[in-house]
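# Observations on chain architecture
So you can see what is in the structure, the chains are spelled out below.
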Amino acid sequence: MAGEYETAFKESLEVATAAMHKLQHHFDALEESTTKDGNRRQQQLAILALRSICCVAATPEGKHYGVYCDTVVRIIARYMKPTIGAKYWTMYLEHLRYLHHIIADKKLFKEASMLCDLIAGYENYLQTEGDYKIILGMYLQHLLCQNNHMRTNAELAQEHIVSILRALKELFIHMLQCNKEYNFTYPELITDFVQYLVPKRVSTVFTYLSTLPINKTLMYDAFFALLKGIHTVQPTKEELQAHCQRHLEALTVFFQLDIPDRLQQQLGLRHLRVCREMAVFANDKCANYVFTLLYYLVKLFYGLPNPGEFKDIYKDLSGKLTTFFERYGDTLMQERWFTDVPIVVAILLTHVQHHPTTPFTFFWQHMTSVECYIAHLDLIFSCIRLAPRIVETKLLKFDCCTSTRKHTIISLVVSSLAAYSSYAATITNDNESEELFISFRTQLLLVMRHGVSVLDSLECINPESPELKMVYARFVQLTVDMRTPAQIKLCMTLAEFLIRIRHKITIHDWTIFLRRLYKMTLQGYDAKLTADLHAAHIASMLQEHDWPDISALRSRIGYFHTSSPHIGPGECVLQLALQSHSPFKVFLDTKQKHLLHWLETQQFLKYHKSNEQLQITLMDCSPSHYSAVLVGRSTGYLLPTVAIRLRKLENEFDEKVEKTAGLTRVEYLCWAHVKTALLHDALKLQKEILKVDTKCQEDNLEELLQRKEFSSVRIAHELKLVNQAKAALHGFRLFYEMANSDPLIIIEISIDWEAIIEDLTSLALYLQLAGYTDLATQAWILHYRIANTINDDFSSLRSLSYFCEYSEYFMTLKNEMNLNVETARKESFLLNALQQLPILQKRFQNYILLYLCQLGRYHARNGHIVYAQILLKLVKQAHDELPNQQGKYNVVLGTVDVIKFRIMWKHLDGDESDINNQLMQRCLLRDMEDLLERFRGDFFKLSSSDVMSYTILLLSLVEQIAECSANRLCDQFVNSYFAGTFKLLLQSGSGLRLIQMLTMWTWINLQMEYVKKAQIKVKLIEYILGIKSLEVLRQITEQAAVEKKLKMPTTYTNTELLHSGMEPLRKMIPLHASPIQMVKMQLSPSIRGEGSLKRFLRVQCSETLKQFDVLEWSYFMVGCLNARLHFLVEDYENLEDFYESSQQWLQSYEQNKFLHISFQNIQLLSLQHYVNYLRMQQKYEKALNCLNIALVKCTTMRGNVDTVYRINFLLQQSALKIEMCTNKEKERRAGLRRALIFNVSPELNEQPEIGVVKATTVVTVAPASTQKKLTNPAFQIYGSNGNTPVSTATKSIASATKTVSKKENIALVSARKTKKKLAAEIEFQQTPAKTSTTNGRNGTKSLTARKLRAMRAAAATAGSSSSSSNSTPDTNILNQCQRIETMDLIDSDDSKEKENKMPNVVSKTNKSNAHKANKFDEGVLNICQKIESINLIEQDEPKLVWTTAKPKSQTLHEIIEIIDDTDCELKTPESMLGKLRAPPKTSNAKSTTKKGSCIPQSAPKSRSKKTANVLSTDGNSPVETTFVPNEPHIQVVEKIKITEDTKATTTKLKTRTKTEVRTLKVITKETETKIISPYAQTATKGKENAASGSKTRGRPGATRKRAGNGTEENITPSLTVSRTLSRRAKQ
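Residues numbered from 1 in each chain as written. Predicted model: local features only at pLDDT ≥ 70, side-chain atom pairs only at ≥ 80, totals over all residues. Heavy atoms only, no water.

### Focus: the nonpolar core
- Among the nonpolar cores identified, the biggest contains 442 residues, and Tyr92, Leu494, Phe710, Tyr772, Phe935 and Phe982 are the most heavily contacted of them.
- With 13 residues, the top contributor of residues to this core is helix 51 (residues 1109–1128).
- Setting aside residues up to four positions removed in sequence, Leu494 forms contacts with Leu417, Tyr420, Leu444, Leu445, Met448, Phe475 and Leu478. (Core = buried A, V, L, I, M, F, W, Y, C linked by side-chain atoms within 4.5 Å. Buried < 20%, exposed > 50% of the residue type's maximum accessible area, 1.4 Å probe, protein only. Helix = DSSP H or I, 4+ residues; strand = E, 2+ residues; numbered from the N terminus. Contact = heavy atoms within 4.5 Å.)

### Examining empty space enclosed by the protein
- For the largest cavity, the calculated volume is near 710 Å³.
- Every residue lining the largest cavity is counted, 32 residues in all, and those nearest its centre are Tyr809, Glu959, Gln960, Ser1158 and Asn1161.
- A total of 5 residues in the lining of the largest cavity trace back to one element, the largest contributor, which is helix 46 (residues 991–1007).
- Residues of the lining of the largest cavity, tallied by class, amount to 12 nonpolar, 12 polar and 8 charged. (1 Å grid on protein atoms, 1.4 Å probe; cavity = no way out; pocket = protein on both sides within 12 Å on 5 of 7 lines; lining within 4 Å. Points joined across faces, edges and corners; volume = space filled by probe spheres on them. Nonpolar A, V, L, I, M, F, W, Y, C, P; charged D, E, K, R; others polar.)

### So, the environment of Leu596
- With respect to the element layout, Leu596 can be found in helix 27 (residues 590–607).
- For Leu596, a relative accessible area of 0% corresponds to the buried category.
- As for Leu596 and Leu574, which are separated by 22 residues in sequence, their C-alpha atoms are 6.7 Å apart.
- Non-local contacts of Leu596, meaning those with residues more than four positions away in its chain, are made with Ile538, Leu542, Ile557, Val573, Leu574 and Leu588.

### Describing unusual backbone geometry
- Of note in this structure, Gln266 is not a glycine but carries a positive phi near 55°.
- Tracing the chain through its elements places Gln266 in the loop between helix 12 (237–258) and helix 13 (267–277).
- The class of Gln266 is buried, set by a relative accessible area of 19%.
- Located in the positive-phi region is Glu1009, a residue other than glycine, with phi close to 65°.
- Among the structural elements, Glu1009 can be located in the loop between helix 46 and helix 47 (1011–1025).

### Section: the side chain of Ser627
- Looking at where Ser627 falls in the secondary structure, it is placed in helix 29 (residues 625–632).
- Residue Ser627 is classed as buried on the basis of its relative accessible area, which comes to 6%.
- Excluding residues within four positions of it along the chain, Ser627 makes contact with His594, His597 and Ser622.

### Observations concerning the packing of aromatic side chains
- Per the counting criterion, the structure on display carries 62 aromatic pairs.
- Consider the rings of Trp89 and Tyr122, whose centres lie 5.0 Å apart with planes at 85°: the pair is edge-to-face. One end of the pair, Trp89, is in helix 5 (residues 86–105); the other, Tyr122, is in the loop between helix 6 (109–120) and helix 7 (131–152), with 33 residues separating them in the sequence.
- On the accessibility criterion, Tyr122 (10% relative accessible area) is buried.
- Taken together, the ring pairs connect Tyr289, Phe324, Phe325, Tyr328, Trp337 and Phe338 into an aromatic cluster.
- If you follow Arg714 out to its NZ or CZ, it ends over the ring of Tyr1023, 4.3 Å from the centre.
- Seen from the ring of Tyr1010, Lys1013 lies directly overhead, with NZ or CZ sitting 5.0 Å from the centre. (Phe/Tyr/Trp six-rings, centres within 6.5 Å; stacked < 30°, edge-to-face > 60°. Lys NZ or Arg CZ within 6 Å of the ring centre and 35° of its normal.)

### Focus: the pattern of salt bridges
- Summed over all chains, the structure comprises 33 salt bridges.
- Lys311 serves as the salt-bridge partner of Glu371, at 3.9 Å between the closest nitrogen and oxygen. Here the residue Glu371 occupies a position in helix 18 (residues 370–386), and Lys311 occupies one in helix 15 (residues 310–332), the gap between them amounting to 60 residues.
- The exposure class of Glu371 is partly exposed, given its relative accessible area of 25%.
- Judged by its relative accessible area of 35%, Lys311 falls in the partly exposed class.
- Where Lys469 meets Glu464, a salt bridge forms, and the shortest distance between an N and an O atom there is 3.2 Å.
- According to the relative accessible area criterion, Lys469 is partly exposed, its value standing at 42%.
- Exposure remark for Glu464: the relative accessible area of 55% places this residue in the exposed category. (Salt bridge = Lys/Arg side-chain N within 4 Å of Asp/Glu carboxyl O.)

### Notes on helix 14 (residues 285–302)
- Spanning 18 residues, helix 14 covers 25 Å between terminal C-alpha atoms, matching the ideal 26 Å at 1.5 Å per step.
- A large share of helix 14 lies buried, amounting to 13 of its 18 residues.
- One side-chain oxygen of the residue at the start of helix 14 lies 3.3 Å from the amide nitrogen of Cys286, identifying that residue as Asp284.
- Backbone geometry just after helix 14 places Gly303 at a positive phi near 85°. (Expected span 1.5 Å × (residues − 1). Polar contact = N/O pair within 3.5 Å; in protein donor to acceptor, adjacent residues only side chain to side chain.)

### Considering helix 11 (residues 216–229)
- Taking 1.5 Å per residue, 14 residues should reach 20 Å; helix 11 reaches 20 Å between its end C-alpha atoms and fits that length.
- With 10 of 14 residues buried, helix 11 lies mostly within the body of the structure.
- Buried residues of helix 11: Lys216, Thr217, Met219, Tyr220, Ala222, Phe223, Phe224, Leu226, Leu227 and Gly229, and no others.
- Buried residues in helix 11 make contact with helix 8 (154–182), helix 9 (189–197), helix 10 (205–210), helix 12 and helix 13.

### Remarks on the packing of helix 34 (residues 753–770) against helix 36 (residues 793–805)
- Look at helix 34 against helix 36: their axes get within 11 Å of each other, and the N-to-C directions meet at 20°. With respect to helix 36, the axis of helix 34 lies roughly parallel. Both helix 34 and helix 36 take part in a crossing whose hand is left-handed. On the side of helix 34, the interface is formed by Ile757, Thr761, Leu765 and Gln768, while helix 36 contributes Ser795, Arg798, Tyr802 and Glu805.
- The residue inventory of the contact of helix 34 with helix 36, partitioned by class, reads 3 nonpolar, 3 polar and 2 charged. (Axes fitted to C-alpha atoms, helices over the stretch in contact; angles between N-to-C directions. Parallel < 35°, antiparallel > 145°, perpendicular 65-115°, else oblique. Left-handed = near helix turned anticlockwise from the far one by under 90°.)

### A look at a nonpolar patch on the surface
- Together, Tyr637, Leu685 and Ile689 line one region of the surface with nonpolar side chains, adding up to about 310 Å² of accessible area.
- Looking at the secondary structure, you find Tyr637 in the loop between helix 29 and helix 30 (640–659).
- Residue class for Tyr637 comes out partly exposed when judged on its relative accessible area of 46%. (Patch = residues over 30% accessible without salt bridge, like charges linked within 9 Å, V, L, I, M, F, W, Y side chains within 5 Å. Areas by Shrake-Rupley, 256 points an atom, 1.4 Å probe, with all protein chains shown as cover.)

### Examining the confidence of the model for the chain
- Here the chain shows a mean pLDDT of 73. Residues at 70 or above account for 68%.
- Across residues 1547–1553, confidence stays below pLDDT 50; counting only partners more than four residues off in sequence or on other chains, it has 12 contacts.
- Note on residues 1559–1627: pLDDT under 50 across the span, and 255 contacts to partners over four residues away in sequence or across chains. (pLDDT = per-residue confidence, 0-100.)

### Some remarks on the environment of Ile1016
- Position of Ile1016 among the secondary structure elements: in helix 47.
- Look at Ile1016 and you get partly exposed, because its relative accessible area is 23%.
- A sequence separation of 317 residues divides Ile1016 from Asp699, and the C-alpha atoms of the two residues are 9.6 Å apart.
- The contacts of Ile1016, once residues within four sequence positions are left out, are Leu701 and Glu702.

### Brief notes about the side chain of Lys585
- As for its placement among the helices and strands, Lys585 is situated in the loop between helix 26 (573–579) and helix 27.
- Buried charge without a partner: Lys585 forms no salt bridge, and the closest opposite charge is Asp532, 9.5 Å away.
- Those residues in contact with Lys585 that lie beyond four places of it in its chain are Arg502, Ala577, Leu578 and Ser580. (Lys, Arg positive; Asp, Glu negative; His and termini not counted.)

What follows is the structure, encoded as structure tokens:
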């Protein structure tokens, strides 16, 4: 039947309900039976049905718990009464408790409450002594399950809690009644109550019970009344010990219940009070005394005594306990229950220290005397003495081990540390006795020593053990609470005990503990100990993990060096950690030492570079040579101690390199760093030593040489530094290349890649600045590879910028660098960097923008000019958008302008076939001057990182502009920059750069034929190269001066002073004092005494020069300049051997592609000079062969060299072919007389054949109709192809084909007589008279020319037939007169206008004006006086400008020829170009205004006349074409004195205010003649016009625009340019 009901209750709800009704019918059927057997069968059926319901409820099939509870409450409970019998009742209660447990576990709170109410509704439900356990467990479980019920229905749960607490109270009262009525003793009541009330598996029971309502007090009151009121028989000793053990265990639970109880029930105290009054302990004095002492101790802890009596009570109570333990402890410890007494005390002290709030607040607040703490420690120590006898206990449960006694000792040690922490927070110096403190310290040290020994012996203690964590927490708290030095000292002593168990503490905890100790000692305990603890804390951080927290370490190290008051200026963490003698010293391994030193080094480099003592300390405690080197190289200026140590390391490495096979990889890196550091230090010391205060001008170079200012910049001295840089570069290269063969061990060393990049950058920049470009390229290549290795994209962009800048070099170095691949690789990074450009650091911004600039030049070099222009425009836009760069002209914008200049100069934007139009597109000279002006005045203040880049940019720009100017015969652009860069290089000690700069300067001097200046610079170059010493140069100079003095005559004869035919008036000017080279130029003694020029091709004899190929190339360039000097002075002896050997030398050095490309301009220049020499020697075939070779080289070098070279070669080729034809014709006309023949006026010799006339200043081409028999020149630069003037260079300009007619002889005799008359009249003349002027359409007329025409007309009319036996003097006189006739004496103001107009004018005379003969004498006298007053200040000969005068009676066309008096040889101008653009601008200074002009200004001419090259006349007059020269003009003015009017102009800009000072020069009352270039005149007038119309920074270039078509302002009409040179001009 039971199985039938069990099956039915598992089915559906209907079936279960039907089963419940069936059960009811069954009970009703049994109830009808009135027999005794029927009642028994009802009870059995109830038990079976209840068992079936419990079985179904325990299975997963049980679902209808409401049906189950209804069945029990409504049906089964009716037939189950307490009176049925103890056996059935107890079985019934057990089944109800089991079912309640299942339902409560299912969280069916309503059904569970029905069961509890069912039990509570019975009367006399305690039929046996053990029934209370079932009901007590059921009630307490229902009380605990309401904790979960509160979360779902708090109100209903609260009702259930009140109900169950009432039921518990009734239970305890009923139990007490049963004790009195039935003698139920309940021996395990306390154990059962604690077990059911606080189950071990409910972790939150203490918190839940503390939140019960006030009704719970009724429960506890009834329970403790039950304990107190139970009457029992006297137990045996064993039963008594069991009772004591049970109550001690319950006491520990009540302590835990009291801690969170907000109602302050003080259950532990109430329990001890009950235990003291219990009858079971009344007869046992020992147990009663123990519980009494514990009662008063707990009462004291709970704060019930009078506060004023706390000190005495606690001292008395602690003393009694200590005495009792000392006297009877050993005996009582043999009893099982007494072993729990020390544990209870330990637990009680643990609760007190863990919870200093309620209910134990009173205790710690009144512990205010040392005596109390001493008594407290005595009690603890007495417990520790009893602890070793503890064998087992139920009070403490440990899973780790069974050694309860040791864990008890640890808890007592923790309590002692808590007491000391409270002592330090409470006791001050005022109420602290030294003797008592010593006693307290002694007790504490005894406890701590014993406790640490126990901790060390426990194997179960590990870093995660709660006991160890508690001990550590108490020590940490101690470091916070210490106040006095004595307390701090005691804490340090206690902390030293932890060193024994340091291996059991985690490294992180130990690090924090060291930091706490360090902070505790900051109060001034001991500075040395504080520093040691600080260093130990930082060093301990390195041991926390395999790779510690670097950011935290940096923070701690920064605080150590910055804010620690106890740290000296030279102390570091590693030094203190290694040299410390503190017991807390941290021992570091090699890896940790390296890491700590590296971090401190980084801190030093970033924030403490000026701390010299710290640098020395870091070097002393370096764990390796590499670490010491990193510290030593960090600062720019090395201390003497650091320098000595680095030199010692350098010597060690050098010796090891020499004696052994080599160094290790790290040693090579150290060696490279040491070399670099010593190199920078030497450079800085050299810069300080070479500070030059004297102005480095071109005129005082000789003086600087004599003062030994160049002694420190010689190549021999510079090569020491260069070799050091080369060795450093070699070390870095080996370090990089040995990566696979000698891998680094990261544990031993941490490589500072940033330092490697920094040193490589500095080496590359130094070598680039010094001029050793091949070494600099190697450095940049290594820099690029290492930067890519470490993924430093910004640094790699910097080296890639260099590659793009010198892209032409890498086109031949296929294996070194493929720029197409490398630039494409950086595109993605570049795009991302451009998007983040405004937020990047300034130096990274510059890297990106400079790379874009050089990338544009690279694409322009490859022919992608549009892409290059886009990149340059992008750079400018991005630069202008940067907030910190707005309005600043810095390195980026300077680089943009320089690249634009290079593109325009080398015509990277032009087509190779469009050679003739390349120079016509823009005004290169004007742009060049604008660029220099921006570099001079617009550069903003440079940062330290940009100085080197700016210097390199400036030097390269000056060299390129110097070459550009030299090829265009313009020296006014770079003279000031030469002086500035000369001083800069002199201060920096850059010998090779100084040589290159002097070489370019010399090149310009030679182009301008300033031979004396060029020779001084050659002397300087040879001295710097070490070819000649200063003593040798002085000896040669002194010897030459003595010889010159001995040879110099005391008086001057007419032959020495005058050329043939010079006027007597000009004899007053000594020829040797005149700057005009009227005599043959001479070489200086230092150059003249050398002999062969082949020495410049052989450097094997010089150990210095053969170290580097670039020095050999520089020496070769000096040789080319020396050869040019010899050529200009007509010393041709060794030139051919030198030029032929130089070509062989160039072929032998072609393997060095880099230098071969760098010096391509020198190769072409050498060929150009060689061709000049061959043409002079009339070796035309050889010259033509050289020109063909040169043109081929120009084709291969296109884009690398100036286009002028190719144009020059093409022009010379054309001229050479004409000269070859002329030479052949000359050979056929071998019968002609080779004599000097002058151009004769057509009216003296009316020949149908008129030759081509060549003058030093003006070239006049006869009409085409008259050029039937052209006399071909022997030496010509340019061909007669319409682009350039046709010139002659023969010794005799023309050959006489007919004898001089009678009219010519009469004219010559008249000229001779006029000359004598002029000499006689000049003796009486005091002041010169102003030359009369005539007004005409074409301006002023030459008075001398009018007198000569009047003289000739008079001679022709008279028809004098006087013969001359000696015609040479007459010819010379006529020649001199013709020279005077061609001079246009105009004032300085008129010269500007004439120079701007540049008319082609031919002087014409009218011989029929005979009435002017009367004024002949007066005019000639005035002319001579003006010639006398000429201030000849230039070394070149003056230029003679012809003017046109309108004929009055008859128009005669006369071709006037000017021939040098000393030598009739005429040379062509040394112009490299056939045509140039508009004249270049000059400086910002105002043009000098000169007064007293002898001739008024001519009327202004139209623009068409300014640009016209041909003037035509009407009628039958022949057409004459005059080519306006590009040479100085002679301007004659009157002056009395020279005054200067200074005017300051201030211009305010956005970023700064610029003040310009202009000087106005006024010349009056004296005649003054100046040689002024047409360029200078035009530019001066342009400056004045720009200054009057613009208030900008003094650059008038912005206002000059081309009139007419409105195109680009730089495009100006072309002008035909020639140049006046002396007779020594050799192209």
